[in-house]
Amino acid sequence: MKKIITGVLILSSLVFGAMGEGKGNPQDAKQMKMFQSVDMNKATIMQGGNAKMFCPACGMNLAMFYKTNHAAHNGDHVEQYCSLHCLVETNMKNKGILKDIIVVDVTTLEFIDARTATYVVGSSKKGTMSMVSKYAFAKKEDAENFAKKFGGKVENFEETYKIASNSLEKEMKMIAKKQAMMAKKGEMMYNKMCKKTDIKFNSTAEAKAYVQSSKICGDMKGKKLQAVGLYLGKR
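Residues numbered from 1 in each chain as written. Predicted model: local features only at pLDDT ≥ 70, side-chain atom pairs only at ≥ 80, totals over all residues. Heavy atoms only, no water.

### Here's the deal with the overall build of the protein
Link 1 in the chain: When helices and strands are tallied, the protein shows seven helices and seven strands.
Link 2 in the chain: If you list the helices and strands of the protein from N to C, you get α-α-β-β-α-β-β-β-β-α-β-α-α-α.
Link 3 in the chain: Out of the 235 residues belonging to the protein, those deemed buried represent 50%.
Link 4 in the chain: Counted over contacts in the protein with a minimum sequence separation of 6, partners at least 24 positions apart contribute 64%.
Link 5 in the chain: Carbon and sulfur atoms make up 52% of the accessible area of the protein, which amounts to about 11700 Å² in all. (Helix = DSSP H or I, 4+ residues; strand = E, 2+ residues; numbered from the N terminus. Buried < 20%, exposed > 50% of the residue type's maximum accessible area, 1.4 Å probe, protein only. Contact = heavy atoms within 4.5 Å. Areas by Shrake-Rupley, 256 points an atom, 1.4 Å probe, with all protein chains shown as cover.)

### Some points on the sheet that holds strand 1 (residues 70-74)
Link 1 in the chain: If you walk across this open sheet you meet the four strands as 2-1-3-4, and the pairing is antiparallel. Each having just a single partner strand, strand 2 (77-81) and strand 4 (111-113) make up the two edges of the open sheet. Strand after strand, the sheet turns through a mean of 30 degrees between neighbouring axes, direction not considered.
Link 2 in the chain: Taken together, the five bridges between strand 1 and strand 2 define a ladder with antiparallel strand orientation. Bridge assignment links A71 to a residue of strand 2, and that residue is Q80.
Link 3 in the chain: Docked against the sheet, helix 3 (residues 84-93) engages strand 1, strand 2 and strand 3 (98-104), running at close to 20 degrees with respect to strand 1. (Pairing = 2+ DSSP bridges. Axes fitted to C-alpha atoms, helices over the stretch in contact; angles between N-to-C directions.)

### Let's talk about the packing of helix 5 (residues 157-193) against helix 7 (residues 222-234)
Link 1 in the chain: Two elements in contact, helix 5 and helix 7, have axes whose closest approach is 7 Å; the angle formed by their N-to-C orientations is 100 degrees. With respect to their mutual orientation, helix 5 and helix 7 come out roughly perpendicular. Contacts from Q179, M182, A183, G186, E187, M189 and Y190 in helix 5 reach K223, K224, Q226, A227, V228, L230, Y231, L232 and K234 in helix 7.
Link 2 in the chain: Of the residues that constitute the contact of helix 5 with helix 7, the class distribution is nine nonpolar, three polar and four charged. (Parallel < 35°, antiparallel > 145°, perpendicular 65-115°, else oblique. Nonpolar A, V, L, I, M, F, W, Y, C, P; charged D, E, K, R; others polar.)

### A few points about the packing of aromatic side chains
Link 1 in the chain: Overall, the coordinates contain eleven aromatic pairs when judged by the stated rule.
Link 2 in the chain: Their ring planes at 50 degrees and their centres at 6.5 Å tell us that F35 and F150 sit as a pair that is tilted. Residue F35 is located in the loop between helix 2 (26-31) and strand 1, and its partner F150 is located in helix 4 (residues 140-150); the two are separated by 115 residues in the primary sequence.
Link 3 in the chain: On the numbers, 6.1 Å between centres and 40 degrees between planes, the contact of Y119 with F157 is tilted. Residue Y119 is located in strand 5 (residues 118-121), and its partner F157 is located in helix 5; the two are separated by 38 residues in the primary sequence. (Phe/Tyr/Trp six-rings, centres within 6.5 Å; stacked < 30°, edge-to-face > 60°.)

### Examining the sheet that holds strand 7 (residues 153-156)
Link 1 in the chain: Read across the open sheet, the three strands follow the order 6-5-7; overall the sheet is antiparallel. Sheet topology places strand 6 (134-137) and strand 7 at the edges, where each strand pairs with a single neighbour. On average, adjacent strands in this sheet sit at an angle of 30 degrees to one another, irrespective of strand direction.
Link 2 in the chain: Pairing between strand 5 and strand 7: four bridges, direction antiparallel. Its bridge partner lying in strand 7, V121 is registered against K153.

### Some details on the nonpolar core
Side chains of nonpolar character tend, in soluble globular proteins, to be buried together.
Link 1 in the chain: C82, L87 and Y119 are the most contacted members of the largest nonpolar core, which totals 28 residues.
Link 2 in the chain: Only helix 3, strand 3, strand 5 and helix 5 provide two or more residues apiece to this core.
Link 3 in the chain: Ranked by residues supplied to this core, first place goes to helix 5 with five residues.
Link 4 in the chain: Those residues within four positions of Y119 in sequence are excluded, and the remaining contacts are H70, V103, A114, K134, Y135, A136, K153, V154, E155, N156, F157 and T160.
Link 5 in the chain: A207, C217, M220 and L230 belong to the second largest nonpolar core, which has 17 residues in total. (Core = buried A, V, L, I, M, F, W, Y, C linked by side-chain atoms within 4.5 Å.)

Here you go:
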């Protein structure tokens with residue numbers, strides 16, 4: 001079991017850079033210090049439902065990657081994504097269905113209209129679901145100061161969206177491969193640590209929300225929860 005958990009931690013780092021989620025052990029505490037992360041009480045969650053704390057596209061914890069969060073209307077409801085990557089992926093798969101896109105302003109942690117935001121693309125700060133980071137600011141001056149300190153190019157939303165779109169296919173292939181490996185580890189953990197369920201889940205986020213609420217895997221959290229969620233969401 002120790003080997004399985006160690007493998008999950010390594011795979012998670014490969015897929016998401018140095019990204020993680022959850023609390024309760026030194027590793028999780030370390031992840032809470034990631035630049036993208038904020039305390040739960042500082043995160044504005046725009047979407048509803050049992051899985052509202054997780055990205056509907058990849059299942060990652062929204063507060064852990066809050067500074068790259070985007071949200072948009074998908075039909076009659078709002079969806080909140082951990083990253084521009086996940087928003088673009090959803091939008092392209094659904095032929096541009098997303099409307100009224102908003103993004104977190106790194107300075108104030110408030111949501112702003114993405115169309116009027118100024119982005120810094122490719123800074124030294126880690127990206128979310130992408131090797132190329134993309135951080136948004138309400139004030140162009142803040143973006144320019146951020147770029148001077150951490151590098152990167154100052155862009156508008158249209159150009160940043162285009163950059164994310166152009167790299168999407170390559171990033172999706174890389175992420176899918178790593179997630180498949182992580183899901184296999186999640187299957188082993190599920191078989192050893194969890195009570196069984198026949199429920200079919202539509203997403204990783206939905207599976208994670210069920211695992212947490214039902215306690216079928218005890219008080220599972222962080223990368224172990226992500227791994228089991230990936231398995232249950234894709235089986």
